[in-house]
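# Summary of the model geometry
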Amino acid sequence: MLSGITRDRLERRARLLFSWREKAQTLADGRRLPREQDLPQAMDARKAAAYFTEQSRKARRETDVFRKKLRERMESAQDLVRVALHQQRQLAVRAGERRISAKTANDENRRLQEEIRKRGEEANLCHRVLALESAEDLGGFIDLPLPRYARELERFLVSDSSDSNTGDRDHAGTGKEAASPNTSYWLERLRSLAPKRLGRWDFIAIGAAGIAVLLALLYFLYSTQFAGAVAFDLLPAPQGAWVLSAENRTAHTVTVAVPGNAGQGTARADYAVFVEMRESGQTEFRRLPDADRAWVYGGTAGSDNGPVGVASRMTAKWTLSPGLLSVPGPDALLRIVVTSGHKPVFAQELAFETKSGGGATAPKQPS
């Protein structure tokens, strides 16, 4: 998880990198006169120009590496949010079928809510830092002697992993060192689960399970990569918004209407997206009318442009702002449903309840 210490270190590291890059570039361009301490001790002044140029290249390279790792960390956090949301949906199904007790469902739902909140904060922080371009955006330029920037950055190393065991380390080791404790832990867990001795039938059962997994994998590859499919996903975004993505894995262009009534009177879209609501005390969801103003695609709100064509192997994204929806009840629970024809192909509840006035709170606990 992302602690306050890690957040401060990450922002401080970004600020140092931007300051280093900016100072080295101004010295290399001659837009700033160097001070004596901007050169390493005992360096010949005639080599200053080459040194400043080399420092500028190094600062840009380190900044690019930092951004790449930060982007990977953001994507990892988003993946973990997606996993937790999937687990929430499965939890609701298990609770509805009474496969788990109400207490167990409530405890697990609280844990998943906390996971979604923390991972969402992590993804949002990474997204915010990635959007910055200068030290001024992070609180101001840090003016240090040029040789000191690289040393100072060593003090603010932040792990690039979203794993809770490594996310708050003050110093990052090599990938092999960082992975060793987790590897050993899982090996011990596997050893504790396995029987001391495996008999003939154990090996037969293991082989059958392996074949079943292989067949399932082949079916998945066929149904997605070979047969083709359109994959929908919904992830939280900054400022309470949600981003719906449609990835076209087929060999032809498909049309997606967001909201589902976009382009009425024209040819029916291949997929239609609807916002549905369930008010407090009710068991059924119903579709919200006039949801077009809450959706944005390509910088344009509403459905004036009609269904969107998504080319083969391309992805289209829409942004939903729940606060712009007309929700009559103060405790309404929202979900997004995608249909093909009259058949639902994707459904996901939003992780927050929409309150009257545009606020958002944590999701309801399963009863």
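Figured I'd write up the structure that's included with this text.

### Some thoughts on the environment of Glu-22
The residue Glu-22 is located in helix α1 (residues 4–29) in this model. The spacing of Glu-22 and Phe-141 is 119 residues in sequence and 8.6 Å in space, taken between C-alpha atoms. Ignoring anything within four residues of it in the chain, the contact list for Glu-22 reads Glu-133, Ser-134, Ala-135 and Phe-141. A polar contact is formed between the side chain of Glu-22 and the backbone nitrogen of Ala-135, at a distance of 3.0 Å.

### Observations regarding the nonpolar core
Phe-232, Trp-295 and Trp-318 are the most contacted members of the largest nonpolar core, which has 38 residues in total. Non-local contacts of Trp-318, meaning those with residues more than four positions away in its chain, are made with Trp-242, Val-243, Leu-244, Ala-246, Val-256, Val-258, Trp-295, Val-296, Tyr-297 and Val-308. Counting residues in hydrophobic clusters, the runner-up holds 30 residues, among them Trp-20, Leu-39, Ala-48 and Leu-144.

### Points about the packing of aromatic side chains
Inspection of every chain in the model, using the stated rule, returns four aromatic pairs. In textbook terms, an aromatic cluster arises when at least three aromatic residues are bridged by ring pairs, as seen for Phe-232, Tyr-271 and Phe-346. Here the basic side chain of Arg-287 rests over the ring of Phe-274, its NZ or CZ set 3.7 Å away from the ring centre. Between the NZ or CZ atom of Arg-335 and the centre of the ring of Phe-285, over which it lies, the distance is 4.1 Å.

### Section: a nonpolar patch on the surface
Together, Ile-211, Leu-214, Leu-215, Leu-217 and Leu-218 line one region of the surface with nonpolar side chains, adding up to about 490 Å² of accessible area. Position of Leu-217 among the secondary structure elements: in helix α6 (residues 200–226).

### What about the pairing of strand β3 (residues 254–257)?
Of the pairings in the sheet, the one linking β3 to strand β8 (residues 308–310) comprises three bridges and is antiparallel in character. Following the sheet pairing, Val-256 is matched in β8 by Val-308. Here β3 pairs with strand β4 (residues 271–278) via two bridges, running parallel. Along β4, the bridge assignment pairs Val-256 with Tyr-271.

How each quantity is defined
- Residues numbered from 1 in each chain as written.
- Predicted model: local features only at pLDDT ≥ 70, side-chain atom pairs only at ≥ 80, totals over all residues.
- Heavy atoms only, no water.
- Helix = DSSP H or I, 4+ residues; strand = E, 2+ residues; numbered from the N terminus.
- Contact = heavy atoms within 4.5 Å.
- Polar contact = N/O pair within 3.5 Å; in protein donor to acceptor, adjacent residues only side chain to side chain.
- Core = buried A, V, L, I, M, F, W, Y, C linked by side-chain atoms within 4.5 Å.
- Buried < 20%, exposed > 50% of the residue type's maximum accessible area, 1.4 Å probe, protein only.
- Phe/Tyr/Trp six-rings, centres within 6.5 Å; stacked < 30°, edge-to-face > 60°.
- Lys NZ or Arg CZ within 6 Å of the ring centre and 35° of its normal.
- Patch = residues over 30% accessible without salt bridge, like charges linked within 9 Å, V, L, I, M, F, W, Y side chains within 5 Å.
- Areas by Shrake-Rupley, 256 points an atom, 1.4 Å probe, with all protein chains shown as cover.
- Salt bridge = Lys/Arg side-chain N within 4 Å of Asp/Glu carboxyl O.
- Pairing = 2+ DSSP bridges.

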